[in-house]
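# Secondary and tertiary structure notes
One letter stands for each residue in the lines below.
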Amino acid sequence: MQFPESWLREFCDPPLSTQALADLLTMSGMEVEELRPVAPPFSGIVVAEILTAEQHPQADRLRVCTVAAGEFSKDGPLQIVCGAPNARVGIKVPLAVVGAELPPGEDGKPFKIGVGKLRGVQSFGMLCSARELKLSEDHGGLLELAADARVGSNLREHLKLDDTIFTLKLTPNLAHGLSVYGVAREVAALTGTPLKQPAFPPVAPGSERKLPVRVEAPDLCGRFSGRVVLGVNPQAPTPAWMVDRLARCGQRSVSALVDISNYVMFEFGRPSHIFDLDKIHGGLVVRWGRAGETLKLLNGNTVELDAKVGVIADDHAVESLAGIMGGDATAVGDGTQNIYVEAAFWWPEAVQGRSRRYAFSTDAGHRFERGVDPALTVEHIERITQLVIDICGTPATVAGPIDDQTLALPERKPVALRVARAAKVIGMPVTQAQCADVFSRLGLPFTQAEGVLTVTPPSWRFDIAIEEDLIEEVARVVGYDKLPATPTVAPTQARVRREGQRSAHDVRHALAGLGFQETIGFSFVEERWERELAGNADPIRVLNPIAAPLAVMRSSLIGSLVQALRHNLARKLTRARLFEIGRVYRKHAAAADGPLAVAGVEQPMRVAALAFGPAAPAQWGSAERATDFFDIKGELEALLAPAALRFEATAHPALHPGRSAAVWLGDRCIGHVGELHPRWRQAYELPQSPLVFELELDAVLAREVPVFAPVSRQQPVQRDVALVVREGVSHDALVGALRADPAGLIRAATLFDVWKPTRGTATGLDDNERSLAIRLELLDFEQTLTDDRIEAAVQAAVARAAAAFGARLRA
């Protein structure tokens, strides 16, 4: 919600500075997101009238003008050289006199005007465009002022530029604040300053003509009001004061009739629509849409309708999207002579979410889906009618009688406030008299009993339904700054994390230390990601997605990381190392309901990381190489060190079947690591496959507490063996067999060489065999190892490998 401060103060003018007023609104719950001056600082700019405009003798695109500027030209007209194409006799324009300062440029310094000479002709000032004054981006010529502008007057005063634009960030429950009058009503309640009540004098009907209207859906429209106005001039210019106010509300001027409708919406929060009466066939019908119907809207879009969308139709076709936007077929234009003004109460539930279906939003829809006062449709039509007559009226302009149909209005159930409970919830003493004063200032009708006030919400308040709503009203009007700083009643006790548990923040620091950067993705993702990258054919669906593609809840973080990578690659990044810690969502019949759980839905936390591009940043000391499986595996091991991980080849929907593994910690599979499947690399348009891992966060948070172990007084012994095994024998399985020494002498087994002969060479190895050179480390903490014990242990290890995998010593 955006509006100029001067408009607000016309309804309520408290003795507060601009900043104090903004602070007051923010502390009352209407957050002022931004304060912005209407115009940047400049001085010495006055209203001038061009008296003559002759061609420059030395330049085709320059004119030599003489201008009158009031007291600044008391010694005679000023000569100004100007290059604007619209510089002509009789118009009034801004003049920067000698000594004036224009708004600061890119260097932050104001531009000072002096006497200049352009192609040999002196210029005693400068005629200005709106862009030069930074009032708009229009630089097509001089800023033309109203014909009644007083020559010589200060431009800031004439255009009322010493004003401030307020931008409010309103929560959905504050629908009554979506108008200048609504905000003024709040200011009056907060400060006690009188509120100027608007008057809506009825326009006397000069015609008996009515447009037949039938409301078939009372669950769509609770009240419908309308009036015919005949003989209007649609080409009449919108007054400058209205154009300025609309611009300061963020709304551009379209035409006088459209501007009047928008003006009343910003003024009183009442969206309305003006139809070209002569383009309506027969009468109007308010109903729900029908499958197969279409409507071309004012924004040029053609939308398909169904039974969940409200419409206004005539005898031939649908003419308007109820509460959201009018149709192009009955829009007013330069040829319009007769109009029909409509103002209605549309049920919020009937409008909510409809704009998002068609991927656009409107000011009208924004207001109706939050709730618009149903009580003043007739009064606001009177206001629109009077503005139409004043601005677009002709000698033939007459208005018909107002047709007002009330079908079903919101039921306002009384809400009781217990003063004692209000004091308990707010956290400070409040009296019944204070509560009564708050409700009186807010215009909330109420009755009193001992310790209880019963409020009947007025028609403009859609946010008062329970006792806590009234308690909030009391707290914010009394003032949140009045709340005492009361210490907590319960004792506070620090919760120390046990030594065997680290925090998610520690994991973030560890991953950042490994060179990864954190990303945060949406929990709702594209269904394609779930199907392709998580193998989830039945994801949890979002009932009301914020965007059509983001329709399901994620059960894996891999899709979010791949999307983040694509986003970075589109911005020419060649190396990316990303991670995310977040929650995933899976259907699980055994999941029970609870304070932080939903029945049937499992919501574990995961940590995932992605590496793409070179293994290290470019440097002179080593050649560039691509990140491979062993890089990401090493970083995974570093993240969980000193825990010993086990990697087993496995299949995963997102990963390359020959370059992926399940990650085991003890007897638990905690995740997967590997290279993105080539199919998905191509489908997601990636230049090469990234490496990813995804782990259960609780397993990463748990860590073993270090246990003291004495340093052995004996020296370890190393022996190398070369074992011939089949291609299918895994490294982990072979090492496990070698280390499974009942005597406990073999402390480590390290692979340091792999050899496979060239096919067809006589080496004693078959084509499906390879030779693995492994270094065994033996140690006895109690006594020195003898050659016999060493040899026996080595032979026993080889025998275990032979029994398990058919391994043999290489000859």
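Up top you'll find the structure we're talking about.
So, here's what we can say about the structure.

Conventions and cut-offs
- Residues numbered from 1 in each chain as written.
- Predicted model: local features only at pLDDT ≥ 70, side-chain atom pairs only at ≥ 80, totals over all residues.
- Heavy atoms only, no water.
- Helix = DSSP H or I, 4+ residues; strand = E, 2+ residues; numbered from the N terminus.
- Rg over C-alpha atoms; globule rule 2.2 N^0.38 Å.
- Contact = heavy atoms within 4.5 Å.
- Areas by Shrake-Rupley, 256 points an atom, 1.4 Å probe, with all protein chains shown as cover.
- Axes fitted to C-alpha atoms, helices over the stretch in contact; angles between N-to-C directions.
- Parallel < 35°, antiparallel > 145°, perpendicular 65-115°, else oblique.
- Left-handed = near helix turned anticlockwise from the far one by under 90°.
- 1 Å grid on protein atoms, 1.4 Å probe; cavity = no way out; pocket = protein on both sides within 12 Å on 5 of 7 lines; lining within 4 Å.
- Points joined across faces, edges and corners; volume = space filled by probe spheres on them.
- Core = buried A, V, L, I, M, F, W, Y, C linked by side-chain atoms within 4.5 Å.
- Buried < 20%, exposed > 50% of the residue type's maximum accessible area, 1.4 Å probe, protein only.
- Nonpolar A, V, L, I, M, F, W, Y, C, P; charged D, E, K, R; others polar.
- Polar contact = N/O pair within 3.5 Å; in protein donor to acceptor, adjacent residues only side chain to side chain.
- Pairing = 2+ DSSP bridges.
- Expected span 1.5 Å × (residues − 1).
- Arc of directions from axis to C-beta.
- Salt bridge = Lys/Arg side-chain N within 4 Å of Asp/Glu carboxyl O.

A tally of helices and strands in the protein chain yields 21 helices and 41 strands. Relative to the 2.2 N^0.38 estimate, which gives 28 Å for 811 residues, the radius of gyration of the protein chain is 39 Å and therefore markedly larger than a compact globule would have. With respect to the principal axes defined by its C-alpha atoms, the protein chain has extents near 120 × 85 × 65 Å. Look at the contacts in the protein chain between residues 6 or more apart in sequence, and 69% of them connect residues 24 or more apart. Of the roughly 40900 Å² of accessible surface on the protein chain, a fraction of 52% belongs to carbon and sulfur atoms.

The interhelical angle for the contact between helix H20 (residues 731-739) and helix H21 (residues 787-805), taken along N-to-C directions, is 135°, at an axis separation of 8 Å. In terms of orientation, H20 lies oblique with respect to H21. Note on packing geometry: the crossing formed by H20 with H21 is right-handed. Contacts between H20 and H21 involve Ala733, Leu734, Ala737 and Leu738 on the former and, on the latter, Ala797, Val798, Arg800, Ala801 and Phe805.

Of the voids in this model, the largest pocket is the one considered here, and its volume is about 1000 Å³. Lining the largest pocket are 36 residues, with Leu159, Ala240, Val243, Asp244 and Arg248 positioned closest to its centre. When residues of the lining of the largest pocket are traced back to their parent elements, those giving at least two are strand E1 (2-4), helix H1 (5-11), strand E2 (31-37) and helix H5 (240-248). Per element, the largest residue contribution to the lining of the largest pocket is 7 residues, and it comes from H5.

Phe3, Ile339, Val388 and Cys392 are the most contacted members of the largest nonpolar core, which totals 51 residues. Residue assignment for this core shows that the elements contributing at least two residues are H1, helix H2 (18-27), strand E11 (164-169), helix H4 (180-191), H5, helix H6 (256-268), strand E21 (339-346) and helix H10 (377-392). A per-element tally of this core places H6 first, with 8 residues. The contact partners of phenylalanine 3, leaving out residues within four places of it in the chain, are Leu8, Thr164, Ile165, Phe166, Leu168, Val180, Val183, Arg248 and Cys249.

Below, the discussion takes up empty space enclosed by the protein. In the structure shown here, the tally under the stated rule is 1 cavity of 30 Å³ or more. Volume-wise, the largest cavity comes out at about 40 Å³. Lining of the largest cavity is provided by Val525, Trp529, Glu530, Leu533, Ala534, Arg554, Ser556, Ile558, Gly559 and Ser560. Mapped by element, the contributors of at least two residues to the lining of the largest cavity are helix H15 (527-533) and helix H16 (558-569). Among the residues making up the lining of the largest cavity, the classes are represented as 5 nonpolar, 3 polar and 2 charged.

With respect to the helices, strands and loops of the structure, serine 272 is situated in the loop between H6 and strand E14 (273-276). Judged by relative accessible area, serine 272 falls into the buried class, the value being 16%. A distance of 2.9 Å separates the side chain of serine 272 from the side chain of serine 261, its partner in a polar contact.

Proline 642 follows alanine 641 through a cis peptide bond whose omega is 10°. Tracing the sequence through the fold places proline 642 in the loop between helix H17 (629-640) and strand E34 (645-649). If you check the backbone angles, lysine 134 has positive phi at about 60° while not being a glycine. Under the relative-accessibility criterion, lysine 134 is labelled partly exposed at 44%. The backbone phi angle of lysine 572 is positive, close to 70°, even though this residue is not glycine.

We now examine the pairing of strand E40 (residues 769-778). In terms of burial, E40 is a largely internal element, 7 of the 10 residues being buried. Summarising the sheet, strand E38 (residues 717-726) and E40 pair through 10 bridges and their orientation is antiparallel. Within E40, the position partnered with glutamine 718 by the bridge is glutamate 777. Bridging between strand E39 (residues 746-755) and E40 involves 8 bridges; their strand directions are antiparallel. Looking at the pairing, alanine 748 lines up with glutamate 777 of E40.

Right, let's get into H21. Helix length check: H21 (19 residues) gives 27 Å between terminal C-alpha atoms against 27 Å at 1.5 Å per residue, within 8%. Of the positions making up H21, those classed as buried are Ile790, Ala793, Val794, Ala797, Val798, Arg800, Ala801 and Phe805. One face of H21 carries all of its buried residues, which in axial projection span an arc of 155°. More than 90 degrees from the buried face of H21, the exposed residues found are Asp788 and Ala803. Packed against the buried residues of H21 are E38, H20, E39, E40 and strand E41 (808-809). Phi for glycine 806, located one or two positions after H21, is positive at around 70°.

Next up on the list: the pattern of salt bridges. According to the stated counting rule, one finds 45 salt bridges in the structure shown. With a closest N to O distance of 2.3 Å, glutamate 10 and arginine 245 form a salt bridge. Pair noted here: glutamate 10 is in helix H1 and arginine 245 is in helix H5, with a separation of 235 residues, a long-range link. Judged by relative accessible area, glutamate 10 falls into the partly exposed class, the value being 43%. What makes arginine 245 buried here is its relative accessible area of 14%. Two residues, arginine 789 and aspartate 780, come together in a salt bridge whose shortest N-O distance is 2.9 Å. Note on aspartate 780: relative accessible area 11%, which makes it buried.

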